[in-house]
Amino acid sequence: MKYGPDDQVERDAPAAPFEQLAGILRARLERGDWKPNRAMPSENALADHYELSRPTVRRALATLTQEGLVYAIAGRGTFAAERAPQAPGDAAE
């Protein structure tokens, strides 16, 4: 399922909360809410905003890290990764 940047996590949805959050954050990154190499909100801030536990937020961020969309620096936070420019004609998913 595709998530929009303004969606909220739904407790009764078939997808796990961490998957929903990863999709929402992915959409926010695509929209440009966080510029490359700039800090994203902390795990605590995301947990509060989306009313989730920190381990759920951490799992969503780990998913985005594996996809190369974000990176973490110990003691500093999570940052939006540089995005490779899309070639003309590349279809968006």
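Residues numbered from 1 in each chain as written. Predicted model: local features only at pLDDT ≥ 70, side-chain atom pairs only at ≥ 80, totals over all residues. Heavy atoms only, no water.

Draft legend 1. Seen up close, the overall build of the chain. For the chain, the count of helices and strands is three helices and two strands. N-terminal to C-terminal, the α/β element order of the chain is α-α-α-β-β. A total of about 6,200 Å² of accessible surface is found on the chain, and carbon and sulfur atoms cover 50% of it. (Helix = DSSP H or I, 4+ residues; strand = E, 2+ residues; numbered from the N terminus. Areas by Shrake-Rupley, 256 points an atom, 1.4 Å probe, with all protein chains shown as cover.)

Draft legend 2. Up close: helix H1 (residues 17-31). Its 15 residues place the ends of H1 21 Å apart at the C-alpha level, agreeing with the 21 Å of an ideal helix rising 1.5 Å per residue. If you check which residues of H1 are buried, you get Phe 18, Gln 20, Leu 21, Ala 22, Gly 23, Ile 24, Leu 25, Ala 27, Arg 28 and Leu 29. Of the surrounding elements, those touching the buried residues of H1 are helix H2 (43-50), helix H3 (54-66), strand E1 (70-73) and strand E2 (77-80). (Expected span 1.5 Å × (residues − 1). Buried < 20%, exposed > 50% of the residue type's maximum accessible area, 1.4 Å probe, protein only. Contact = heavy atoms within 4.5 Å.)

Draft legend 3. Geometry of the pattern of salt bridges. What the rule picks out here adds up to six salt bridges. Taking the shortest distance from any N to any O, the salt bridge between Arg 28 and Asp 33 comes out at 2.7 Å. Arg 28 sits in the buried class, given a relative accessible area of 17%. Asp 33 sits in the partly exposed class, given a relative accessible area of 29%. (Salt bridge = Lys/Arg side-chain N within 4 Å of Asp/Glu carboxyl O.)

Draft legend 4. Focus on unusual backbone geometry. Backbone geometry at Asn 37 places phi at a positive 65°, although glycine is not the residue there. Here Asn 37 lies in the loop between H1 and H2. Non-glycine residue Glu 51 carries a positive phi angle of around 55°. Examined against the element boundaries, Glu 51 turns out to sit in the loop between H2 and H3. By relative accessible area, Glu 51 is classed as exposed at 60%.

Draft legend 5. The environment of Val 70, seen in detail. Secondary-structure assignment places Val 70 in strand E1. A residue is classified by how much of its surface remains accessible, and Val 70, at 3% relative accessible area, is buried. On a C-alpha basis, the gap between Val 70 and Glu 82 in space is 8.3 Å, while along the polypeptide they are twelve residues apart. The residues contacting Val 70, other than those within four sequence positions of it, are Leu 29, Met 40, Leu 61, Leu 64, Thr 65, Thr 78, Phe 79, Ala 80 and Ala 81.

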